[in-house]
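So you can see what is in the structure, the chains are spelled out below.
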Amino acid sequence: MSRIEAKKPSLCTSAPLTKDTVSHSMSVLSGILKSCYGPTGRLKQLHNGMGGYVRTTSQSSTLLSGLSATHPILKVLTASVQNHVSRFSDCGLFAAILCCNLLENFQRIKLLPCTVAKISRHLLSLCTDYLKSEACACRILVDFNSIETLLCLVRSVLTSKPACMLNKTEADYIGILVIKAFLLTVPNNVETNVALGKCIIVPVKNKRVMDSTVFPGLLIEIPELQMARTFPIRRVSSSSIKIALFCISLSGDHSSTGEGTVVVHHGVSLELAELDQLLNLGKQLVNDQVGLVVCQKVIHPSLKQYLKEHHIIAVDRVGLSVMEPLSQMTGSKPIAAIYSLSPSCYGILKDLRTENFVSKHFLHLIPNDTLVCSLILCNRNETAWDELKVACQTAEHVLQLTVKQPLALLGGGCTETHLASYVKYEVFNLPTSTFESLDCSQAQYQLVADAFCHSLESIACCLEHDNGEILTDAVYGHFWSIPSGFPSDATWSDLVSKCGCGMHSNQQKLKWMVLRNQHSPFTPQSCCKDPCVKSPDLRALDCFVAKFSGLQVAVETANLILDLSYIIEDQN
């Protein structure tokens with residue numbers, strides 16, 4: 001087919017970061033992300049130009065998927081952060097804001113991108129080596145025997161999402177439920193290849209948060225009419241129920257023939273033939289002493305009635321989401337055919353009960369070994385529930401990551417300011433051989449290091465949204481915030497109460513200074529000799545693995561974008 005219009009040449013843009021449109025778009029994106037950061041972050045409402053569903057959020061996963069980034073540079077940045085969030089769930093805003101800060105500060109120093117990239121990678125290695133070392137003073141060991149540390153880690157995730165609309169009591173309650181649900185997914189028998197179970201979130205909207213609860217095993221919602229005729233049930237033994245799990249339709253519909261044809265002899269009814277096959281399947285299930293049949297799709301009413309007459313409970317339309325956890329907790333294999341069922345495809349349940357919650361009715365499947373649990377999650381309205389669901393999923397993922405590497409970083413901006421203080425001191429004491437190996441001057445290295453540290457400190461400053469003053473101390477390098485409107489003649493010790501993470505207070509008589517003012521480099525000291533902190537005042541912790549990755553993603557993405565010399569776009 002010939003073209004109606006002539007093919008347009010590709011658009012080639014040189015030095016894209018210097019263009020005003022790019023700088024403006026980057027500034028707008030940075031401002032949106034910074035204003036959402038932290039427990040007091042401002043909420044954003046997302047909806048498309050045609051109206052429709054409105055989402056209120058401050059979470060990076062929702063923001064970045066809802067924003068339409070049109071410029072290739074913004075697409076690179078958002079795609080990089082979204083990939084990080086898909087792997088770690090947490091610290092998406094941290095990575096995105098740090099990347100924007102680095103791009104803004106690196107552009108101001110007017111050095112070649114290759115020089116900036118080499119130096120920033122060296123600074124990144126200083127940070128990562130320090131965070132991984134035993135001498136790191138901004139990380140703690142997570143003791144899974146201590147509920148306080150785990151609760152602090154989970155609470156930090158929940159309270160950083162203000163759209164969840166949780167008060168302190170509710171945040172603690174949901175935090176404990178998330179920890180309980182997570183522990184139920186940890187296998188009792190530790191093997192070489194340990195696989196964690198799964199937590200299924202059951203939605204109950206327009207109810208009190210404190211009505212939320214956790215059930216071991218799996219809850220499957222059923223109609224009230226079906227619940228009334230569920231029992232008795234066929235059992236293999238007093239503590240054993242055999243279950244068959246079908247991933248195909250048992251409705252009697254004809255299978256798709258694609259482009260082929262079906263030859264039907266005269267007088268043969270396809271519907272009756274299909275029904276006979278389904279009833280033969282029912283007879284085999286009865287002979288195999290199956291007590292519960294669960295189908296991902298639809299079960300034919302006649303087959304349901306036949307199973308009911310033989311005291312077999314049949315549940316259909318359960319959907320794809322529960323198939324994997326059902327298979328995992330019962331040992332059953334999803335059945336994809338109705339012919340010649342193998343005995344090995346069945347699974348075993350310990351017990352089966354019914355549960356009522358508000359106006360909903362559930363079958364409660366209880367396994368022998370609890371690897372799957374159901375979290376009934378309640379919140380005041382749909383918007384708050386949507387946010388709380390994502391926050392609970394993030395918190396659960398954070399706990400899973402922490403099991404693999406039982407470390408946490410101090411939250412509340414303290415890790416960022418502490419790390420900046422550490423880098424400043426290390427840079428001040430670097431040998432000249434370092435500059436020679438990087439093929440740069442000491443002045444060039446210092447410019448990049450200042451921009452790097454300023455970018456870290458700027459993230460901590462994003463936690464203050466009410467024009468308060470940001471301080472740091474000259475001993476630990478922690479983050480301190482003072483509300484706006486303080487008297488000019490007051491001393492810092494009278495104004496500060498606790499640092500961002502809650503580990504230090506004004507009773508320690510530290511030396512405070514304004515964060516962004518110039519001051520002499522110092523070695524930030526360790527918070528305590530015991531690396532496994534159990535301070536009751538600790539109020540904010542961050543996932544070590546997620547923040548460590550976020551730091552790397554931010555620096556590498558900034559270097560990649562800085563190194564872009566041309567952008568070629570197809571105009572057709």
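Computed from a predicted model, the values in this text were never measured in an experiment.

### Focus on the packing of helix H6 (residues 147-159) against helix H12 (residues 382-404)
Here's step 1: Two numbers describe how H6 lies on H12: the axes approach to 9 Å, and their chain directions differ by 145 degrees. Every pair of crossing elements has a handedness; the one defined by H6 and H12 is right-handed. When H6 is examined against H12, the residues Leu150, Leu153, Val154, Val157 and Leu158 are found in contact with a partner set consisting of Leu388, Ala391, Cys392, Thr394, Ala395, Val398, Leu399 and Thr402.
Here's step 2: In terms of residue class, the contact of H6 with H12 is built from 11 nonpolar, 2 polar and no charged.

### Overview of the domain arrangement of the chain
Here's step 1: The domains assigned to the chain are domain 1 (16-138 + 410-569), domain 2 (143-217 + 376-405) and domain 3 (218-254 + 268-369).
Here's step 2: Taking only C-alpha atoms, the centre of domain 1 and the centre of domain 3 are 52 Å apart.

### Remarks on the nonpolar core
Here's step 1: Among the nonpolar cores identified, the biggest contains 124 residues, and Leu123 and Tyr445 are the most heavily contacted of them.
Here's step 2: Taken domain by domain, the makeup of this core includes at least three residues from each of domain 1 (16-138 + 410-569) and domain 2 (143-217 + 376-405).
Here's step 3: With sequence-adjacent residues up to four places away left out, Leu123 is seen in contact with Val423, Val427, Tyr445, Val448, Ala449 and Phe452.

### Comments concerning the layout of surface pockets
Here's step 1: Of the voids in this model, the largest pocket is the one considered here, and its volume is about 1000 Å³.
Here's step 2: In this structure, the largest pocket is lined by 48 residues; those nearest its centre are Gly38, Pro39, Ser160, Gly412 and Leu463.
Here's step 3: Mapped by element, the contributors of at least two residues to the lining of the largest pocket are helix H2 (60-66), helix H4 (92-108), H6, H12, helix H15 (442-461), strand E17 (479-482) and strand E19 (541-543).
Here's step 4: Here the lining of the largest pocket is built from residues that sort into 20 nonpolar, 19 polar and 9 charged.
Here's step 5: In terms of domain composition, the lining of the largest pocket takes at least three residues from each of domain 1 (16-138 + 410-569) and domain 2 (143-217 + 376-405).
Here's step 6: A volume near 540 Å³ is recorded for the second largest pocket.

### Describing the side chain of Thr62
Here's step 1: When you line up the elements, Thr62 lands in helix H2.
Here's step 2: Residue Thr62 is classed as buried on the basis of its relative accessible area, which comes to 11%.
Here's step 3: Excluding its chain neighbours within four sequence positions, the residues that come into contact with Thr62 are Leu46, Arg55, Thr57 and Glu387.

### Structural notes on the pattern of salt bridges
Here's step 1: In this structure the tally under the stated criterion is 15 salt bridges.
Here's step 2: As a salt-bridge pair, Arg208 and Asp211 come within 3.0 Å of each other at their nearest N and O atoms.
Here's step 3: On the basis of relative accessibility, which here comes to 53%, the residue Arg208 falls in the exposed class.
Here's step 4: Taking the shortest distance from any N to any O, the salt bridge between Lys547 and Glu416 comes out at 2.8 Å. Of this pair, Lys547 sits in helix H17 (residues 544-562) while Glu416 is found in helix H13 (residues 414-428), placing the two residues 131 residues apart along the sequence. Per residue, the accessibility class of Lys547 equals that of Glu416, and both read buried.

### Some details on the sheet that holds strand E8 (residues 241-246)
Here's step 1: Taking strand neighbours across the sheet as the criterion, the 4 strands line up as E10-E9-E8-E11 in an open arrangement whose pairing is mixed. Here the strands that pair on one side only, and so sit at the sheet edges, are strand E10 (313-315) and strand E11 (347-349). The mean angle between the axes of side-by-side strands here comes to 30 degrees, regardless of whether they run parallel or antiparallel.
Here's step 2: Pairing analysis gives 3 bridges linking strand E9 (residues 290-295) to E10, with the strands arranged parallel. Following the sheet pairing, Leu292 is matched in E10 by Ile313.
Here's step 3: Against the sheet, helix H11 (residues 323-330) engages E8, E9 and E11, with an angle of about 150 degrees to E8.

### Here's the deal with unusual backbone geometry
Here's step 1: The phi dihedral of Ser89 falls on the positive side, at around 70 degrees, and the residue is not glycine.
Here's step 2: With respect to the helices and strands, the residue Ser89 is situated in the loop between helix H3 (72-88) and H4.

### A look at the environment of Gly38
Here's step 1: Following the sequence through the fold, Gly38 ends up in the loop between helix H1 (20-35) and strand E2 (44-48).
Here's step 2: Considering only alpha carbons, one finds Gly38 and Glu148, 110 residues apart in sequence, at a separation of 21 Å.
Here's step 3: In this structure Gly38 touches Ser160, Pro162 and Leu463, once residues within four positions along its chain are discounted.

### Some thoughts on the sheet that holds strand E18 (residues 512-514)
Here's step 1: The 3 strands lie next to each other as E17-E16-E18, forming an open sheet whose pairing is antiparallel. Only two strands of the sheet have a single partner each, and these edge strands are E17 and E18. Neighbour-to-neighbour, the strand axes of the sheet open up by a mean angle of 40 degrees, direction not taken into account.
Here's step 2: Where strand E16 (residues 469-473) meets E17, 4 bridges bridge the pair, whose relative direction is antiparallel. Bridge pairing in E17 places Glu469 opposite Ile482.

### Side note on the side chain of Thr417
Here's step 1: Its location among the elements puts Thr417 in helix H13.
Here's step 2: Other than its neighbours up to four places away in sequence, Thr417 contacts Ala460, Thr472, Gly477, His478, Phe479 and Leu515.

### Looking at the state of the cysteines
Here's step 1: Tallying each qualifying case throughout the model produces 0 disulfides.
Here's step 2: Summary of cysteine pairing: Cys543 is not part of a disulfide, and the nearest cysteine sulfur, belonging to Cys91, is at 6.5 Å.

### Comments concerning the packing of H1 against H3
In a packed pair of helices, the relevant descriptors are the angle between the two axes and the axis-to-axis distance.
Here's step 1: Closest axis-to-axis distance for the H1/H3 pair is 10 Å, and the angle between their directions is 30 degrees. Our classification of the angle between H1 and H3 gives roughly parallel. Facing H1, whose interface residues are Val22, Ser25, Met26 and Leu29, H3 presents Ile73, Leu74, Leu77 and Thr78.

What counts, and at which threshold
Residues numbered from 1 in each chain as written. Predicted model: local features only at pLDDT ≥ 70, side-chain atom pairs only at ≥ 80, totals over all residues. Heavy atoms only, no water. Axes fitted to C-alpha atoms, helices over the stretch in contact; angles between N-to-C directions. Helix = DSSP H or I, 4+ residues; strand = E, 2+ residues; numbered from the N terminus. Left-handed = near helix turned anticlockwise from the far one by under 90°. Contact = heavy atoms within 4.5 Å. Nonpolar A, V, L, I, M, F, W, Y, C, P; charged D, E, K, R; others polar. Domains from an automatic or database assignment. Core = buried A, V, L, I, M, F, W, Y, C linked by side-chain atoms within 4.5 Å. Buried < 20%, exposed > 50% of the residue type's maximum accessible area, 1.4 Å probe, protein only. 1 Å grid on protein atoms, 1.4 Å probe; cavity = no way out; pocket = protein on both sides within 12 Å on 5 of 7 lines; lining within 4 Å. Points joined across faces, edges and corners; volume = space filled by probe spheres on them. Salt bridge = Lys/Arg side-chain N within 4 Å of Asp/Glu carboxyl O. Pairing = 2+ DSSP bridges. Disulfide = S-S within 2.5 Å. Parallel < 35°, antiparallel > 145°, perpendicular 65-115°, else oblique.

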